[in-house]
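Read off the chains here:
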Amino acid sequence: MIPRVVAGFLVLFFVALPNAHALYTSSDDVVALTTANFDRTVVKSDEVWVVEFYAPFCGHCRNLVPEYKKAATALKGVIKVGGINCEEEQGLCGQHGVRGYPTIKIFGANKRSPVDYNGQRTAKDIAEAALAEAKKKIKNVLGGGGGGGSSGGSEGGSGSKDDVIELTDANFDKLVLQSEEAWLVEFFAPWCGHCKNLAPHWAKAATELKGKFKLGALDATVHQQKMSEYGVQGFPTIKYFPAGTKDRNGAEDYNGGRTSSDIVNWALDKYTEDIPSPEVVQLTTEQVARDTCEKKPLCVVSVLPHILDCNAECRNRYLQILQQMGDKYKKKDWGWLWTEGGAQLDLEATLDIGGFGYPAMAVVNLKKMKYSLLRGSFSKDGINEFLRDLSFGRGHTAPVKGAALPKINTVEPWDGKDGQLPEEEDIDLSDVDLDEKDEL
């Protein structure tokens, strides 16, 4: 691939090439799912679905094929079984948090929050797990379980009251305000009918949101200090406390629905908003490269002009654009690196970006050792179009030379200042006889 210089900026993007060889055919009982049909076929349907997220190159995925087909045939007419080729549907797989292959999820009563399947990879175990989710859905439809207040009761075993944290006037500040986690807190009264109706949904949401959100419940008839502090006028009242540093005035009113799926979807939207933007890190050592990109699906590498060719103000403009793009694509969980032109010549040569001017950019898939170069203009619009196409599996890619990245040079980090030309050394010519001629 011949790289193209774009406004002094080099973009490195390593991406996996789409693989058209799916593991299942139309003659199998496994339904091929794509971005185009997923919502209509799975999310908006009334059926329970078992969905495998796979990659054709994955050996474990290929080993699973006969058992998965067997499960699909056994469940036919009762539960739907589908498969998603993540090499072709990277956006859809990323949306569902797929980090490895194969990943199996069961879309049951709450389609927006599927259950991760972690059992044995046999047809029998997969089918039994799917049937268990179908039973839960039936129990939800018929009405299962009651309870009084959010600190008690669960919904047919689909949620645990133990996952709802009991809050009091004494522990509220320590558990909620002094934590780094996001919280949803219900202020309830034991005699409140709406609170009793909410209880199983609150418990189920707490279980489904474990690891992302904390859900708590405070009996406002007992702990009236906090009820007064947060202006609670009726029951149930739900308050949202964002992740990170909190203050007493930082609570927001919850404005979502009162079913477990409503609560989960609302919380996940907030969780996504709260994901911090990735740091755009200067490539100074081999360890920095590993820490920033080794576990990421893609790594965006930018080569900026030398500080003598582009002063601090100029460089910061480029870094600001990169930071804006990092924020825009933060849900992708990519790594972001930058280096100065000439500082990592072996890397530039490996990615075919050396000697063509700066800045430049490439995006690299370290697992596949593939990369793609920015060919449009270096601007927010140009880079955004480039990254958007790559995120959907489009764009030109090439293999990394030698199928490995070169050694990274250790360099001093930029001090944030303009560059300084080296001082010229004064040469003493007093002892030189300019009239002296050497004989040949």
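What you see is a predicted model; the values in this text were computed from it and never measured.

Here we come to the sheet that holds strand E3 (residues 49-54). Taken together, the 5 strands give an open sheet; going across it, the order is E2-E4-E3-E5-E6, and neighbouring strands pair in mixed fashion. Strand pairing shows two members of the sheet lacking a second neighbour, strand E2 (31-32) and strand E6 (115-116), which therefore form its edges. Bridge count for strand E5 (residues 103-107) against E6 is 2 bridges, and the pairing is antiparallel. Along E6, the bridge assignment pairs Ile106 with Val115. Against the sheet, helix H2 (residues 59-74) contacts E3, strand E4 (80-85) and E5, and its axis sits at roughly 165 degrees relative to E3.

Looking at the secondary structure, you find Arg375 in the loop between strand E16 (370-373) and helix H12 (380-391). Sequence separation between Arg375 and Met361 is 14 residues, and the spatial gap between their C-alpha atoms is 9.0 Å.

One finds Tyr24, Val50, Tyr68, Ile79, Val81, Ile104 and Ile126 to be the most contacted residues of the largest nonpolar core, which totals 25 residues. Elements supplying a minimum of two residues to this core: E3, H2, E5 and helix H4 (123-142). Among the elements that line this core, the one with the most residues is H2, at 6 residues. If near-sequence neighbours (up to four positions away) are discounted, Ile104 is found in contact with Val50, Val51, Glu52, Leu64, Tyr68, Val115, Asp116, Tyr117 and Ile126.

Under the definition given, this model contains 3 disulfides. Counting only the cysteines that take part in disulfides, in the order they occur along the protein, gives the pairing 1-2, 3-4, 5-6.

With that out of the way, let us pick up helix H10 (residues 312-328). Between the first and last C-alpha of H10 there are 24 Å, a value that for 17 residues agrees with the 24 Å anticipated at 1.5 Å per step. Tucked into the core, H10 has its buried residues touching strand E13 (299-304), strand E14 (335-340), strand E15 (360-365) and H12. The backbone nitrogen of Glu313 lies 3.2 Å from a side-chain oxygen of the residue at the head of H10, namely Asn311.

Across all of its chains, the model carries 17 aromatic pairs by this definition. Ring plane angle 80 degrees and centroid distance 5.6 Å describe the contact between Tyr24 and Tyr54, whose orientation is recorded as edge-to-face. Of this pair, Tyr24 sits in the loop between strand E1 (10-13) and E2 while Tyr54 sits in strand E3, and the two are 30 residues apart along the sequence. Side by side, Tyr24 and Tyr54 carry an identical accessibility label, which is buried. With 6.1 Å between their ring centres and 45 degrees between their planes, Phe187 and Tyr230 make a pair best called tilted. Taken together, the residues span a long stretch of sequence, with Phe187 in strand E8 (residues 183-188) and Tyr230 in the loop between helix H7 (224-229) and strand E10 (237-241) at a distance of 43 residues. This pair shows no difference in class: Phe187 is buried, exactly as Tyr230 is. The rings of Phe172, Phe187, Tyr230 and Phe241 are connected pair by pair, giving a single aromatic cluster. Geometry around Trp414 places Arg315 over its ring, the cationic atom sitting 4.8 Å from the centre. The ring of Phe57 carries the charged tip of Lys368 above its face, separated from the ring centre by 3.1 Å.

This next bit is on the pattern of salt bridges. Counted according to the given criterion, the structure contains 19 salt bridges. Close ionic contact of Lys368 with Glu87 constitutes a salt bridge, the shortest N to O distance being 3.7 Å. Of the two residues, Lys368 is situated in the loop between E15 and E16 and Glu87 in the loop between E4 and helix H3 (90-95); the sequence distance between them amounts to 281 residues. With relative accessibility at 28%, the residue Lys368 sits in the partly exposed group. When its relative accessible area of 7% is taken as the criterion, Glu87 is described as buried. Here Lys210 ties to Asp163 by a salt bridge, and the two come within 3.5 Å at their closest N and O atoms. Separated by 47 residues along the polypeptide, Lys210 in the loop between helix H6 (193-208) and strand E9 (214-219) and Asp163 in the loop between H4 and strand E7 (164-167) bring together distant segments of the chain. Exposure remark for Lys210: the relative accessible area of 54% places this residue in the exposed category. Through salt bridges that share partners, Arg99, Lys296 and Asp333 make up one connected network.

This part is about the confidence of the model for the protein. The predicted model of the protein averages 85 in pLDDT, with 86% of residues at 70 or higher. Confidence drops under pLDDT 50 across residues 1-20; counting only partners more than four residues distant or on other chains, this segment forms 121 contacts. A low-confidence stretch, residues 144-158 (pLDDT under 50), is modelled with 41 contacts involving residues beyond four sequence positions or located in other chains.

Here we come to the pairing of E10. Of all 5 residues in E10, 5 are buried, a share of seventy percent or more. Along E10, one buried face is formed by Thr237, Lys239 and Phe241 and the opposite face, lined by Ile238 and Tyr240, is buried too. For E8 and E10, the ladder comprises 5 bridges, and the chain directions are antiparallel. For Glu186, the partnering residue across the bridge sits in E10 and is Ile238. Looking at chain direction, E10 and strand E11 (residues 252-253) are connected through 2 bridges and run antiparallel. In the sheet register, Lys239 faces E11, and the bridge partner there is Asp253.

Taking burial as the measure, the 6 residues of E3 include 6 buried ones, the bulk of the element. Both faces of E3 are covered, namely the face carrying Trp49, Val51 and Phe53 and the face carrying Val50, Glu52 and Tyr54. Across 6 bridges, the pairing between E3 and E4 is parallel. The residue bridging Val50 from the neighbouring strand is Val81, located in E4. Crossover connection from E3 via H2 to parallel E4: handedness right-handed.

About the thresholds
Residues numbered from 1 in each chain as written. Predicted model: local features only at pLDDT ≥ 70, side-chain atom pairs only at ≥ 80, totals over all residues. Heavy atoms only, no water. Pairing = 2+ DSSP bridges. Helix = DSSP H or I, 4+ residues; strand = E, 2+ residues; numbered from the N terminus. Contact = heavy atoms within 4.5 Å. Axes fitted to C-alpha atoms, helices over the stretch in contact; angles between N-to-C directions. Core = buried A, V, L, I, M, F, W, Y, C linked by side-chain atoms within 4.5 Å. Buried < 20%, exposed > 50% of the residue type's maximum accessible area, 1.4 Å probe, protein only. Disulfide = S-S within 2.5 Å. Expected span 1.5 Å × (residues − 1). Polar contact = N/O pair within 3.5 Å; in protein donor to acceptor, adjacent residues only side chain to side chain. Phe/Tyr/Trp six-rings, centres within 6.5 Å; stacked < 30°, edge-to-face > 60°. Lys NZ or Arg CZ within 6 Å of the ring centre and 35° of its normal. Salt bridge = Lys/Arg side-chain N within 4 Å of Asp/Glu carboxyl O. pLDDT = per-residue confidence, 0-100. Right-handed = clockwise from strand over helix to strand, strands pointing away.

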